[in-house]
Amino acid sequence: EERTLFMNGLLRKDFLFIAKKYKISLLFLLVAALPTIRQGRVDLVFGAYLFASMLMIQSDLVAADKEKNWKKIEESLPVSPFGIVLEKYLAALVFLLAGGMVFLLFSMLEKNITGKSVWEALPTFTFLMVSCCITLSLQIPVLYRFGKRVGVIVFLLLAAIACIVIAGIRWWGLGNSVTFS
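All figures in this text were calculated on a predicted structure; none of them were measured in a lab. As a convention, each chain's residues are numbered from 1 in the sequence order in which they are written. Local features in a predicted model are, by the rule used here, given only for residues with pLDDT of at least 70; side-chain atom pairs are given and counted only at 80 or more, and totals for whole chains, interfaces and linings are based on all residues. No hydrogens and no water enter the side-chain calculation; it runs on all heavy atoms of the structure.

Asker: Please explain a nonpolar patch on the surface as it appears in this structure.
Answerer: The patch calculation keeps residues exceeding 30% relative accessible area without a salt bridge and links them within 9 Å when they carry like charges or within 5 Å when they are nonpolar (Val, Leu, Ile, Met, Phe, Trp, Tyr). Each accessible area is a Shrake-Rupley estimate made with a 1.4 Å probe; only the visible protein chains count as cover when residues are assessed. Note on definitions: salt bridges are taken to be side-chain nitrogens of Lys or Arg within 4 Å of carboxyl oxygens of Asp or Glu. The grouping of Phe82, Leu86 and Leu90 at the surface amounts to a nonpolar patch, some 300 Å² of accessible area in total. In this text, helices come from DSSP runs of H or I with a minimum length of four residues, and strands from runs of E with a minimum of two, each type numbered from the N-terminal end. One can find Leu90 in helix H4 (residues 81-113).

In structure tokens form, the structure reads like this:
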């Protein structure tokens, strides 16, 4: 039970850090998403921003822990290094699910306004969720082990690949081919 208490405390620390640091950025994201609905670009603009922000959040969490010498405090807690990395994964998944639901809401809204089936939002949503999970599973250990510099290089390469694939989905019309209506 004591271990669970400390894990909850670590999660709370990360959530408060993100809420404080990213509130303006997330507000900007919501404001920027509104014009993309009418232009039919929610998948490309909002999706790429969501992917990038999910990875930046993890990078900033690890960097902030290193700047504040949090590792020394972590070593004194009754939580193993595996538990600390697991906590980073849990925080990432919570943020990813929240961001994914907002993306899906805006994407379905766009499809509804443009007269398309709301089911057409699923290919890009599925791609984003899977690619973010894979990327986070690679990025968190890299960040934790090697620090922010190497993590940022990995992040930029993976973000570029994701943007190219999202643009490819839009370009080749794969997002429009899956309808269940």
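Asker: What exactly am I supposed to notice about the pattern of salt bridges here?
Answerer: Summed over all chains, the structure comprises 4 salt bridges. In this structure, the salt-bridge partner of Glu110 is Lys111, at a minimum N-O distance of 3.8 Å. The same class applies to Glu110 as to Lys111, namely buried. Salt bridges sharing common partners tie together Lys13, Asp14, Glu87 and Lys88. Accessibility here uses a 1.4 Å probe with only protein chains present; expressed as a share of the type maximum, an area under 20% marks a residue as buried, one over 50% as exposed, and anything in between as partly exposed.

Asker: Help me understand the packing of H4 against helix H5 (residues 122-146) in this model?
Answerer: For any two helices packed against each other, one specifies the inter-axial angle together with the distance between the axes. Note on geometry: axes are lines fitted to C-alpha atoms, helical ones only across the stretch in contact, with angles between N-to-C directions running from 0 to 180 degrees. In contact at an axis separation of 10 Å, H4 and H5 are set at 160 degrees when each is read in the N-to-C sense. Regarding the angle of H4 to H5, the classification is roughly antiparallel. The two elements H4 and H5 cross, and the hand of that crossing is right-handed. Along its contact with H4, which presents Ile84, Val85, Lys88, Tyr89, Ala92, Leu93, Leu96, Leu97, Gly100, Met101, Phe103 and Leu104, the element H5 presents Leu122, Thr124, Phe125, Leu128, Met129, Cys132, Cys133, Leu136, Ser137, Ile140, Pro141 and Tyr144. In terms of residue class, the contact of H4 with H5 is made up of 20 nonpolar, 3 polar and 1 charged. Should an angle lie under 35 degrees it is considered roughly parallel, over 145 roughly antiparallel, and from 65 to 115 roughly perpendicular; all remaining angles are considered oblique. Crossing handedness is defined as follows: a turn of the near helix away from the far one that is anticlockwise and smaller than a right angle gives a left-handed crossing, while the clockwise case is right-handed. Any pair of residues with heavy atoms lying within 4.5 Å of one another is described as a contacting pair. When residues are grouped by polarity, Ala, Val, Leu, Ile, Met, Phe, Trp, Tyr, Cys and Pro land in nonpolar, Asp, Glu, Lys and Arg in charged, and all others, Gly among them, in polar.

Asker: Just to check I follow, could you spell out the packing of aromatic side chains for this structure?
Answerer: The description of an aromatic ring pair uses the distance of the two centres, along with the angle that the planes make with each other. Any two of the Phe, Tyr and Trp rings considered here, Trp counted by its six-membered ring, make a pair once their centres fall within 6.5 Å; the pair's planes then place it as stacked at under 30 degrees, edge-to-face at over 60, or tilted in between. For the structure shown, the criterion picks out 1 aromatic pair. Between the aromatic rings of Phe15 and Phe95, the centroid separation amounts to 5.3 Å while the plane-to-plane angle is 80 degrees, which identifies the pairing as edge-to-face. Taken together, the residues span a long stretch of sequence, with Phe15 in helix H1 (residues 2-39) and Phe95 in helix H4 at a distance of 80 residues.

Asker: What's the story with the nonpolar core in this structure? I'm lost.
Answerer: Across soluble globular proteins, you tend to see nonpolar side chains buried next to one another. As used here, the term nonpolar core means buried Ala, Val, Leu, Ile, Met, Phe, Trp, Tyr and Cys residues forming a set that is joined through side-chain atoms within 4.5 Å. One finds Phe46, Phe51, Met54, Ile57 and Phe103 to be the most contacted residues of the largest nonpolar core, which totals 39 residues. Those elements that place two or more of their residues in this core are H1, helix H2 (42-67), H4, H5 and helix H6 (148-171). Top contributing element to this core by residue count: H2, with 9 residues. Once you skip the residues sitting within four places of it in the chain, Phe103 turns out to touch Val42, Asp43, Phe46, Gly47, Leu50, Thr124, Phe125 and Leu128.

Asker: Just to check I follow, could you spell out the side chain of Glu87 for this structure?
Answerer: Checked against the element boundaries, Glu87 lands in helix H4. With sequence-adjacent residues up to four places away left out, Glu87 is seen in contact with Met7, Leu10, Leu11 and Asp14.

By themselves these figures say nothing about function.
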